[in-house]
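Observations on the model geometry
Spelled out from the first residue to the last, the chains are:
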Amino acid sequence: MNEIVQWLIRTSKGEIEGPFTTVEVIRKIRSGVYVGEEYISKFPSGRWFPISYDENFFNILLEVLEDELFEKEDESSLEKKEVTQRIETLKKEFEKGKEDPVPKDEKGKAVFEDLDAKTPVIIEMEKEGAPKVGKAVIDREQNEKRSRKKRPSTSSKSSGKSRREERTKVQLIALGAAILVVASVYFYLQRTTGGANQTHLRRPQFKNGPNISKGEIQQNMRRAIQSFRKDTFKDYLTAQDALVEIVQGSRSLDAFGFLCMTYRELWPFTYQDAQDHKTFQLVLRRVQKLNPKSPSANICLVVSHWLKGEYDDAMRIMNNHLAESPGMIFFNHMVGDIYAARKDYRSASYYFAKVRELWTPPPVWSKSLLQEARMYRKRGVHGTAIKLYQRLLRSNPQHAVAKIELGILEFDPYQNISKAKDYISSGLTSGQFIPKMIESEAFLTLAKISILQGSNKKGLENAQKAFSIDSSNEDARSLIVSMGGLKALNSVSIDNVNMVYLGEQYMKMGNYSGAQAEFRAAFEANPENGFAALRAGEALWKLGQSNEAIRWIKMSIDADPSFIRSYLILSDFQSERFDYENAIETLKSALLVNPRHHGVFRGFALIEMRRRNYAGAVRFAKKALELYDTDIPSLIILAKSLNEQGSPEDAFRYLQRALELDSSNEDVHVTFSKILAALQGTDAGITYLDKMISKYGKVVYMRAIGDLLAREERNSEAIQYYYDALEKSPKDKGILMDLAKILQIEKRFEESRDLFLEAAALDPTDAEPIFLIGQLYYDSGKYREALKQFDRVLEINPNYPFAHYYAGMSNLNLKNYDMALKMSDQERLMNPGIPEPYLLAADAYYKKGQYQLCTEEYQKVLSRGLKTADVYIKLARCYRLSGIFDSALTMLTKALNQESGNPDIYKELGALYLKKGYYIKSAEGYQRYLQLSPNAKDKKQIEALLKQINKMGVEDG
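Described in the following lines is the structure provided in the data block. Here the structure is a predicted model, which is why all the values come from computation and not from measurement.

Overview of the overall build of the chain
Scanning the chain from N- to C-terminus turns up 47 helices and 4 strands. By residue count, 51% of the 957 residues in the chain fall in the buried class. Within the structure as shown, the chain displays about 44800 Å² of accessible surface, and the carbon and sulfur contribution to it stands at 49%.

Okay, structure coming up:
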């Protein structure tokens, strides 16, 4: 049950508007639609009271008046005086309002604001006297004065009463009509969205300079902390509003960290679409611009990874910071979250307990206490769990989830049925949002209670309700089947709202199979949920189902064409599969959505880097950084590309920036070691990585040392590092591949082949290991076995570079010349700029005796930059066989200029001069060939040919 508070608004004209969410009402106040003279009522049946009585709206009204005064600096003194008077009146009435009796909740219990609450770890706020603006507990006289201004005076009480009754009647009719209209809209939305109440994150409107006082910052921060710690949807909205007021009017870094965490807590209630992602990225970029090294910038960076589902990256950054600063509360909490999702309840409870110890002064954040109690409940440490639940409810008596979980615990193991039922019923009827998995557990417990009390019918209904809410609840499924059979189970209508949440839980656990199933089901239930389709695609990619992953991400784009992230991920996956043409087209489509999004230009840079067009990669990465100068992936791409271009000094400068932003990023450290090796030698890079291994013991650094050694052809040392890395991570496909490649170089073919096969088994949709097995067979002269592997590669990924070429070369060696030519055509369609497919075609035409076509293809090879002695020799051969002797001699002269010691030049010269009838020169050529290549395979044939030439005894001119 999502607790989204909605309001009806009665204007000064008596018109009823709404319902609107709190955020929407605030927006209308800011835009001047509402000015403080309106009345509000909770939808659908709350009592009416002045809008300025509500704490969510009073400060906003005051702020709007102050902004209006600021805007009238150049206006007449009379206008300024009017606004000033309104502000002073509002403040005076507020001060009077503070003398009113203490506000009470719905049960009549006094509600006190925790003004001493301090930001844990991130900020320490000291009391500095009374704040400039207080809470919205406003004197009713304020609104009565406004009302009197609008109403004509009467001398007759009975007349006034009659008018009030008439006005009330009109209002009730208007309210009834409004409720009917709103109800119809509400039930329509319920049908179309599966009943999910969703909102958008509130986006700050950043201004040029500070326009909020220190007192207002403190006041808003206190309000944010007090609301945040209560752990309800409504209170997180209140915290969000207070924090947005701070960040858009000041440079308070601490507020940014809290705002990012508030966004994280609100995330399950948002649409999670392009708008919400853009809002978060805007805040992340702002705090990084203010101070990229600040704790708040690090918190926002982690939350950014979290909202994208990049939990491993989030965990890496948090562990790195906690190693140096163990007291970072929010990092302790989120690490606990991940351990809880992975069912490591002992580790999770440790981190939640740290939050409880660190959060001072009390009361503690209710969510963290709740999760600590839950971990002890899951571990079966029931006494500690009950104490924690009770402590939470003492500080926050209305916390619905805590009541439910305490009720579940009272039932099992303690069998306190009455207590259990009371706690659970109270929580379920509180009107607060209950996580679906907890709500399902609550109804399952109620089902068991009903059965114990002899009401099997009620028990079955509650079990069906539990399964409807969470179809992964196996206990509920079993109970339904045991009581009503499969018919009772199949009659349950599944609530699909919970599926995205379940999918995310599976992603945290690394259960990608379960995750993709949940995300796909969520999308099928609501085809407008582009985020669910995107996450399904990402989970499928993790499972190695690349074709299916790409298909789902395309569906994500169709569902939400404005969500840039889907384009970026699709392009990344396409280019990783060497489908560069479609990857580029995907990014062009993204440019139509947002021509200034840094991620699009970063995507172009990534494609160019993968294509080894480093100049293009540098150009696009710099463009991305112009738009977002703290984008870490763009900095890494730029540094890598500059280093490959031979500019390690420039690369070092950009990588230093990335290191400042995220010192835990493994890719940054590996790239740094390569740049260091380029600047100071390989051993300097290895020394750096050895230090990282000593500090963190991570396999990625062992593999990186192996890569550096392999580049230097220090193969035996590299092999040892790869084996050490493989011992720690035996299922790491990258290490298996690296080791297999270097063993192939060392002619250890069987070991190499076995490792390639092992890598292929880990990811059947990855064509690379199969391609390399094919190369292994090809290099061994086993062309038929090689061709089988290359055909498999083309089945898996028709875009794999050089797969057609090597399939063609295998066919060439098997004398399937027409098939070799076909493969050449296919390769050049995908890679028209490379010489290899033309070289293949030239060799095939030579074998077929089509020498004119042979020369044309070799000319294309030269035009694509491959101007080696071998190419000139082969072209000369085809010219000779075509009867074009002068061109043949020209080509051989060029070959001599390049490589005068190549024996094949002299062999071809012998053949050319023989054809022209210059026997002495022909004999000299053949003799020189045998001198340079004394063990030539065709030595006997050449010697026999020389004897024939000498017998001719003919002198050429």
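So, next bit.
What to know about the nonpolar core
Across soluble globular proteins, nonpolar side chains have a tendency to be buried as a group. Of all hydrophobic cores here, the largest spans 253 residues; its most connected members are Phe228, Met318, Phe330, Trp359 and Tyr858. Listed in part, the 15 residues of the second largest apolar core include Ile9, Phe20, Ile51 and Tyr53.

Focus: helix α8 (residues 253–266)
For α8, with 14 residues, the first-to-last C-alpha span of 20 Å sits near the 20 Å given by 1.5 Å per residue. When α8 is considered as a whole, its buried residues turn out to be Ala255, Phe256, Gly257, Phe258, Leu259, Cys260, Met261, Thr262, Tyr263, Arg264, Glu265 and Leu266. Next to the buried residues of α8 lie α6 (214–230), α7 (233–247), α9 (274–290), α10 (295–307), α12 (329–341) and α14 (366–379).

What about the side chain of Glu504?
Looking at where Glu504 falls in the secondary structure, it is placed in helix α21 (residues 499–509). Discounting residues that sit within four places of it in the chain, Glu504 has contacts with Gly309, Tyr311, Phe519, Phe531 and Arg535.

Some remarks on the packing of aromatic side chains
Tallied over the full model, the rule gives 31 aromatic pairs. Measuring from centroid to centroid gives 6.1 Å for Tyr263 and Phe280, while their planes differ by 65°, and the two rings are edge-to-face. Of this pair, Tyr263 sits in helix α8 while Phe280 sits in helix α9; the two residues are 17 residues apart in sequence, bridging distant segments of the chain. Judged by relative accessible area, which is 0%, Tyr263 ranks as buried. Their ring planes at 80° and their centres at 5.1 Å tell us that Tyr350 and Tyr351 sit as a pair that is edge-to-face.

What to know about the side chain of His598
With respect to the helices and strands, His598 occurs in helix α27 (residues 598–610). Classification of His598 as buried rests on a relative accessible area of 7%. Setting aside its immediate chain neighbours within four residues, His598 contacts Arg285, Ala624, Leu627, Tyr628 and Asp631.

Details of the environment of Ala895
If you trace the backbone, Ala895 turns up in helix α44 (residues 885–898). Sequence-distant contacts of Ala895, that is, excluding residues within four places in its chain, are made with Ala869, Tyr872, Ile873, Ser900 and Ile905.

Some points on the state of the cysteines
Here the structure, examined in full by the defined rule, presents 2 disulfides. The disulfide partner of Cys260 is Cys300, and the gap between their sulfur atoms is 2.0 Å. Taking the sign of the S-S torsion, 95° for the link of Cys260 and Cys300, the bridge is right-handed. With a gap of 40 residues between them, Cys260 in helix α8 and Cys300 in helix α10 connect regions that are remote in the sequence. Taking relative accessible area as the criterion, Cys300 reaches 0% and is therefore assigned buried. Across the disulfide, Cys854 is cross-linked to Cys878 (sulfur-sulfur distance 1.9 Å). Across the S-S bond linking Cys854 and Cys878, the dihedral sits near 60°, which makes this disulfide right-handed. Of this pair, Cys854 sits in helix α42 (residues 851–863) while Cys878 is found in helix α43 (residues 869–882), placing the two residues 24 residues apart along the sequence. Note on accessibility: Cys854 and Cys878 belong to one class, buried. Listing the disulfide partners of the chain by sequence rank of the bonded cysteines yields 1-2, 3-4.

Here we look at helix α17 (residues 417–428)
Owing to its 3.6 residues per turn, the α-helix brings residues three or four apart onto one side. Between its terminal C-alpha atoms α17 stretches 16 Å, which fits the 16 Å expected from 12 residues at 1.5 Å a residue. Here α17 has its buried residues at Ala420, Ile424, Gly427 and Leu428. Seen end-on, α17 carries its buried residues on one side only, within an arc spanning 95°. Across α17 from its buried face, at more than 90 degrees, point the exposed residues Ser418 and Asp422. Considering only its buried residues, α17 is in contact with α16 (400–411) and α18 (436–452).

Description of the environment of Ala559
Inspection of the secondary structure puts Ala559 in helix α24 (residues 546–559). With 26 residues separating them in the primary sequence, Ala559 and Ala533 have C-alpha atoms 8.4 Å apart. The residues contacting Ala559, other than those within four sequence positions of it, are Phe523, Pro527, Glu528 and Gly530.

Examining unusual backbone geometry
Residues Thr360 and Pro361 are joined by a peptide bond in cis, for which omega reads -5°. Looking at the element boundaries, Pro361 is found in the loop between α13 (345–358) and α14. Of note, the bond from Asp412 into Pro413 is cis; its omega dihedral lies within 30 degrees of zero at 25°. Tracing the chain through its elements places Pro413 in the loop between α16 and α17. In this structure, Asp231 takes a positive phi of about 65° despite not being glycine. With respect to the element layout, Asp231 can be found in the loop between α6 and α7. Phi at Gln272 is positive, roughly 55°, even though this residue is not glycine. Position of Gln272 relative to the elements: it lies in the loop between α8 and α9. The exposure class assigned to Gln272 is buried, which follows from its relative accessible area of 11%.

Description of the packing of helix α32 (residues 682–696) against helix α33 (residues 699–711)
One way to put it is that α32 packs onto α33 with a least axis distance of 9 Å and a crossing angle of 165°. Classified by the angle between their axes, α32 and α33 sit roughly antiparallel to one another. Every pair of crossing elements has a handedness; the one defined by α32 and α33 is left-handed. Contact residues: Thr682, Gly685, Ile686, Leu689, Asp690, Met692, Ile693 and Tyr696 in α32; Tyr701, Met702, Ala704, Ile705, Leu708 and Leu709 in α33. The class makeup of the residues in the contact of α32 with α33 is 11 nonpolar, 2 polar and 1 charged.

Cut-offs used in this document
- Residues numbered from 1 in each chain as written.
- Predicted model: local features only at pLDDT ≥ 70, side-chain atom pairs only at ≥ 80, totals over all residues.
- Heavy atoms only, no water.
- Helix = DSSP H or I, 4+ residues; strand = E, 2+ residues; numbered from the N terminus.
- Buried < 20%, exposed > 50% of the residue type's maximum accessible area, 1.4 Å probe, protein only.
- Areas by Shrake-Rupley, 256 points an atom, 1.4 Å probe, with all protein chains shown as cover.
- Core = buried A, V, L, I, M, F, W, Y, C linked by side-chain atoms within 4.5 Å.
- Expected span 1.5 Å × (residues − 1).
- Contact = heavy atoms within 4.5 Å.
- Phe/Tyr/Trp six-rings, centres within 6.5 Å; stacked < 30°, edge-to-face > 60°.
- Disulfide = S-S within 2.5 Å.
- Arc of directions from axis to C-beta.
- Axes fitted to C-alpha atoms, helices over the stretch in contact; angles between N-to-C directions.
- Parallel < 35°, antiparallel > 145°, perpendicular 65-115°, else oblique.
- Left-handed = near helix turned anticlockwise from the far one by under 90°.
- Nonpolar A, V, L, I, M, F, W, Y, C, P; charged D, E, K, R; others polar.

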